[in-house]
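Survey of secondary and tertiary structure
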Amino acid sequence: MSLKNPYGDFEITEPQALRALAHPVRLAILEHLQRHGPATATGLSPHVGATPSVVSWHLRHLATFGLVHDWDGATSKRERWWQAVARGFRFTAPEGTEGQTAVQQLRAEMFARNSDAPQQWLLHEGPRLDPEWRTLAGMADTRFVATADELRQLEESIEELIAPYVRRKEKSAPADARIVRMLRYLLPEPGDEAPAESSDDDVAAS
């Protein structure tokens, strides 16, 4: 395991671990633990759509790859408490067919899990915000021309910029701070055609 990145994320490189996480229930379990803190299989059950026994099995599977571990803060030993090892995770594509296939499976599951997040926000979260926060929300759909190295540098710069906010503890944040979710997709195109001149086609919605 490595946490040497701007966010302190858990880094996954093994194809077996990637495949293990490419499961809707396991992703839901890990996301809930990362956002809400330690929980038992029983406590997780209604949030991830599986019975406590099934959740317990998935937790042990995640633990095999170091993504979760026992929480030492539990006051009762009647139930096993679990916590995520880090507040987030990231992965790199291993070389070879097995690794590429595993990455594709995990990406597909993550894309599917987050595909309706904007619509859910629009229906349930946005209406409960005051106008100031509501006008700050939105999206951008921007196309630009860059090399692979330039795109890598851009991504690293973005992470360095927002890392202090990601790592800041909620208790130490200003009183008027809120949790903000940023969904960021990098979708390089195949480049079958010669790149056209860059145009200003940012789209923003509030």
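For clarity, every value in this text was computed on a predicted model and none was experimentally measured.

Calculation rules
- Residues numbered from 1 in each chain as written.
- Predicted model: local features only at pLDDT ≥ 70, side-chain atom pairs only at ≥ 80, totals over all residues.
- Heavy atoms only, no water.
- Phe/Tyr/Trp six-rings, centres within 6.5 Å; stacked < 30°, edge-to-face > 60°.
- Helix = DSSP H or I, 4+ residues; strand = E, 2+ residues; numbered from the N terminus.
- Buried < 20%, exposed > 50% of the residue type's maximum accessible area, 1.4 Å probe, protein only.
- Core = buried A, V, L, I, M, F, W, Y, C linked by side-chain atoms within 4.5 Å.
- Contact = heavy atoms within 4.5 Å.
- Axes fitted to C-alpha atoms, helices over the stretch in contact; angles between N-to-C directions.
- Parallel < 35°, antiparallel > 145°, perpendicular 65-115°, else oblique.
- Nonpolar A, V, L, I, M, F, W, Y, C, P; charged D, E, K, R; others polar.
- Expected span 1.5 Å × (residues − 1).
- Arc of directions from axis to C-beta.
- Salt bridge = Lys/Arg side-chain N within 4 Å of Asp/Glu carboxyl O.

1. Brief notes about the packing of aromatic side chains
Applying the stated criterion to the full structure yields two aromatic pairs. Ring geometry for Trp71 versus Trp81: centroids 5.5 Å apart, planes at 55°, classification tilted. Residue Trp71 is located in the loop between β3 (68–70) and β4 (81–84), and its partner Trp81 is located in strand β4; the two are separated by 10 residues in the primary sequence. We classify Trp81 as partly exposed; its relative accessible area is 29%.

2. As for the nonpolar core
Ile12, Leu21, Ile29, Leu33, Val55, Leu59 and Phe89 are the most contacted members of the largest nonpolar core, which has 29 residues in total. Listed by contribution, the elements that provide at least two residues to this core are β1 (10–12), α1 (15–21), α2 (24–36), α3 (41–48), α4 (52–64), β4 and α5 (97–114). At six residues, the largest contribution of residues to this core is made by α2. Here Leu21 is in contact with Ile12, Arg26, Leu27, Leu30, Leu62, Leu67, Phe89 and Leu106, once residues within four sequence places are set aside.

3. What about the packing of α2 against α4?
The axes of two packed helices give the description: the angle between them and the distance between them. As a packed pair, α2 and α4 sit with axes 10 Å apart at the nearest point and diverge in direction by 80°. If you check the angle between α2 and α4, you find them roughly perpendicular. Contacts from Val25, Arg26, Ile29 and Leu33 in α2 reach Val55, Trp57, His58, Leu59, His61 and Leu62 in α4. In terms of residue class, the contact of α2 with α4 is built from seven nonpolar, two polar and one charged.

4. Focus: α5
Between its first and last C-alpha atoms α5 spans 26 Å; for 18 residues at 1.5 Å apiece the expected length is 26 Å, and the two agree. Within α5, burial applies to Gly99, Ala102, Val103, Leu106 and Asn114. With its buried residues spanning 100° around the axis, α5 presents them on a single face. Pointing more than 90 degrees away from the buried face of α5 are the exposed residues Thr97 and Gln104. Those residues of α5 that are buried are in contact with α1, α2, β5 (89–91) and α6 (117–125).

5. A look at the pattern of salt bridges
According to the stated counting rule, one finds nine salt bridges in the structure shown. The partner of Arg184 in a salt bridge is Glu155, with the nearest N and O atoms 2.8 Å apart. Of this pair, Arg184 sits in the segment after α8 (148–167) while Glu155 sits in helix α8, and the two are 29 residues apart along the sequence. Residues joined by salt bridges that share partners form a network here, namely Asp9, Arg90 and Glu159.

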